[in-house]
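Report on the structure
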Amino acid sequence: MPKDITIYLSPGFNLATTLMFMEPFRAANAVSPEELYDFIYCSNDGGPIRSMQGLSLDTEEVDLLKSDSDIVVISTSEDPDAARGAPLAKHLKYWVRQGRVVLGLETGAVALADGDLIETAAVHPSYAKRFTAAYPGVDVSDPLFTREEEVFTSPGGLAAAAL
């Protein structure tokens, strides 16, 4: 049975960063005789979500998801506030309590900080000042990624492949 990777998308997400994260899993599926990973795309309301590059992905409504994903990714960029609060917050807290791997790409750390799920974050450099002002209790660092238990953040771009 393949591992489920749930990818939460908000309007204006960076498709390039999301694909950089996904590529090692896609490649593993390509060389394996059986599917190892299944990708599930979700958003607040479901339906098509447009990336900053202009391409859209169809998504399921986050509240309709089964809650047993193995890996959860929050991919936001231009509108990180779309991932704040309900309905995503209750799922994030559940996934973290269950020990699932949870990752915030680019500005995905906003949703994690909003839920008090991180103490340190790697965020996209263009958003670092706003993040620091909004979450003064969360240290912003500039490595390829941060890790606290099973919760990761990444500033995006090529760094997403390092996760």
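Please read all numbers here as calculations on a predicted model, not as lab measurements.

1. Regarding the overall build of the protein
Scanning the protein for helices and strands turns up five helices and 10 strands. Its C-alpha radius of gyration of 15 Å places the protein within 12% of the 15 Å reference for a compact globule of 163 residues. With respect to the three principal axes, the spread of C-alpha positions in the protein is 45 × 35 × 30 Å. Here the protein, with 163 residues, has 48% of them falling under the buried criterion. The contacts of the protein with a sequence gap of at least 6 include a subset with a gap of at least 24, amounting to 64%. Summing over all exposed atoms, the protein offers an accessible surface of approximately 8000 Å²; the carbon and sulfur share of this is 52%. Taken as two groups, the 12 positive and 24 negative side-chain charges of the protein have centres that lie 2 Å from each other.

2. Quick notes on the pattern of salt bridges
When the charged atoms of two side chains with opposite charge come close together, those side chains can pair. Per the stated rule, a full pass over the model turns up two salt bridges. Here R26 makes a salt bridge to E23, at a shortest N to O gap of 2.6 Å. With R26 and E23 both in helix 1 (residues 15-31) and three residues apart, the pair spans about one turn of that helix. Since its relative accessible area comes to 42%, R26 is described here as partly exposed.

3. Side note on the confidence of the model for the protein
With 93% of its residues at a pLDDT of at least 70, the protein reaches an overall mean of 88. Summarising per-element confidence for the protein, the mean pLDDT is lowest in helix 5 (residues 159-162) (56) and highest in strand 3 (residues 47-50) (96).

4. Quick word on the side chain of S154
One can find S154 in strand 10 (residues 151-154). Judged by its relative accessible area of 0%, S154 is buried. For S154, the side chain forms a polar contact with the main-chain oxygen of L144, separated by 3.4 Å.

5. Regarding the sheet that holds strand 6 (residues 101-106)
Strands sit in the order 3-4-2-1-5-6-10-9 across an open sheet of eight strands; the sheet is mixed. Sheet topology places strand 3 and strand 9 (146-148) at the edges, where each strand pairs with a single neighbour. Going from strand to strand, the sheet's axes swing by 30° on average, the running direction of each strand aside. Where strand 6 and strand 10 come together, four bridges link them in parallel fashion. In the strand pairing of strand 10, V102 is matched with V151. The sheet contacts of helix 1 involve strand 1 (3-9), strand 2 (37-43), strand 4 (56-61), strand 5 (71-76) and strand 6, and relative to strand 2 the element is tilted by about 155°.

6. Side note on the environment of G115
Tracing the backbone through its elements, the reader meets G115 in the loop between helix 3 (109-114) and strand 7 (120-122). Remark: the alpha-carbon pair of G115 and E149, spanning 34 residues in sequence, is separated by 15 Å.

7. A word on helix 1
Every α-helical turn comprises 3.6 residues, leaving residues that sit three or four positions apart pointing alike. An ideal rise of 1.5 Å per residue puts 24 Å on 17 residues; helix 1 measures up with 24 Å between its terminal C-alpha atoms. The sharpest bend along helix 1 measures roughly 40° and falls at M22, with the proline P24 sitting one to four residues further on. Every buried residue belonging to helix 1 is among L15, T17, T18, F21, M22, F25 and N29, and all of these are buried. Put simply, N14 is the residue that caps the front of helix 1, since its side-chain oxygen is 2.9 Å from the backbone nitrogen of A16.

Reading guide: rules and limits
- Residues numbered from 1 in each chain as written.
- Predicted model: local features only at pLDDT ≥ 70, side-chain atom pairs only at ≥ 80, totals over all residues.
- Heavy atoms only, no water.
- Helix = DSSP H or I, 4+ residues; strand = E, 2+ residues; numbered from the N terminus.
- Rg over C-alpha atoms; globule rule 2.2 N^0.38 Å.
- Buried < 20%, exposed > 50% of the residue type's maximum accessible area, 1.4 Å probe, protein only.
- Contact = heavy atoms within 4.5 Å.
- Areas by Shrake-Rupley, 256 points an atom, 1.4 Å probe, with all protein chains shown as cover.
- Lys, Arg positive; Asp, Glu negative; His and termini not counted.
- Charge placed at Lys NZ, Arg CZ, Asp CG, Glu CD.
- Salt bridge = Lys/Arg side-chain N within 4 Å of Asp/Glu carboxyl O.
- pLDDT = per-residue confidence, 0-100.
- Polar contact = N/O pair within 3.5 Å; in protein donor to acceptor, adjacent residues only side chain to side chain.
- Pairing = 2+ DSSP bridges.
- Axes fitted to C-alpha atoms, helices over the stretch in contact; angles between N-to-C directions.
- Expected span 1.5 Å × (residues − 1).
- Bend = angle between axes of the 7 residues up to and from the residue.

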